[in-house]
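Secondary and tertiary structure notes
Listed here are the chains, written in short residue letters.
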Amino acid sequence: RVAFENAPIGMVLASTDVASVVVNPAMCAMVGYDEEEIQETGIWTLTHPDDVAPNVALMQRALAGEFDSYQMEKRYLHRDGHIVWGHLRGSLVRDPSGEPRYFISQVQDITDRKVADDALARSEERFRLAFENAPIGMALIASDQQLVQVNRALCTMLGYSEEELRSITLRDLTHPEDIPAIQA
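The following paragraphs examine the structure supplied in this document. (Residues numbered from 1 in each chain as written. Predicted model: local features only at pLDDT ≥ 70, side-chain atom pairs only at ≥ 80, totals over all residues. Heavy atoms only, no water.)

**Examining the pairing of strand S4 (residues 83-94)**
Here nine bridges tie strand S3 (residues 69-77) to S4, and the two strands are oriented antiparallel to one another. Bridging across to S4, Ser69 finds its partner in Ser91. Relative to strand S5 (residues 100-109), S4 runs antiparallel, the two being bridged by nine bridges. When the bridges of S5 are listed, Gly90 appears paired with Ser105. (Pairing = 2+ DSSP bridges. Helix = DSSP H or I, 4+ residues; strand = E, 2+ residues; numbered from the N terminus.)

Next comes the structure, spelled out in structure tokens:
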């Protein structure tokens, strides 16, 4: 009980039909509701509607005996309306005779990571679009001078296909008199 109450991550104990739940203070803080409110409204009201079915499916599979534990990333709905991303690790606890007793879940807040991943993906997409659509020839070149990525403008400028350019090195494209400058 002490470990449950003082855990730094959200924890949920739920009956197999999820009608009865107990949550720890970290889970309450994660979603902005107190334990009594969560017990009254039910755990599914905290889950993003698109994530309820996948979560239920995993729980049903555990109840069917396919596995005793599962993991998923899911969205929770914070009281103030923002999304909280959680990495849920759920386990089905059975009694000595093998009958399902309850689910115990640990939920780690991964919102910061998901926000950073999303920002990185948007940044990479902006770079990709700028690179591909630049009006000047551009290439990404490895330390061994292999052309890793080229844009259409470079292909047009040099008269090679993208595949041809990726199969040669910068040295292959460089005038012999300019090779010492590139090597430097």
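**Considering the pattern of salt bridges**
The tally for this structure, following the rule as stated, stands at twelve salt bridges. One salt bridge in this structure joins Arg75 and Asp51, with 2.9 Å as the shortest N-O distance. Note that Arg75 is positioned in strand S3 and Asp51 in helix H4 (residues 49-63), a separation of 24 residues in sequence. Asp51 sits in the buried class, given a relative accessible area of 8%. Residues joined in a network through salt bridges with shared partners are Glu73, Arg113, Lys114 and Asp117. (Salt bridge = Lys/Arg side-chain N within 4 Å of Asp/Glu carboxyl O. Buried < 20%, exposed > 50% of the residue type's maximum accessible area, 1.4 Å probe, protein only.)

**Quick notes on the sheet that holds strand S2 (residues 21-23)**
The five strands are arranged S2-S1-S5-S4-S3 in an open sheet whose pairing can be described as antiparallel. Edge strands, defined here as strands with exactly one partner in the open sheet, are S2 and S3. Sheet twist, expressed as the mean angle between neighbouring strand axes with direction ignored, is 25°. Here strand S1 (residues 10-15) pairs with S2 via three bridges, running antiparallel. Across the sheet, residue Leu13 finds its bridge partner in S2, namely Val22. Its contacts with the sheet put H4 on S3, S4 and S5, and the angle it makes with S3 is roughly 160°. (Axes fitted to C-alpha atoms, helices over the stretch in contact; angles between N-to-C directions. Contact = heavy atoms within 4.5 Å.)

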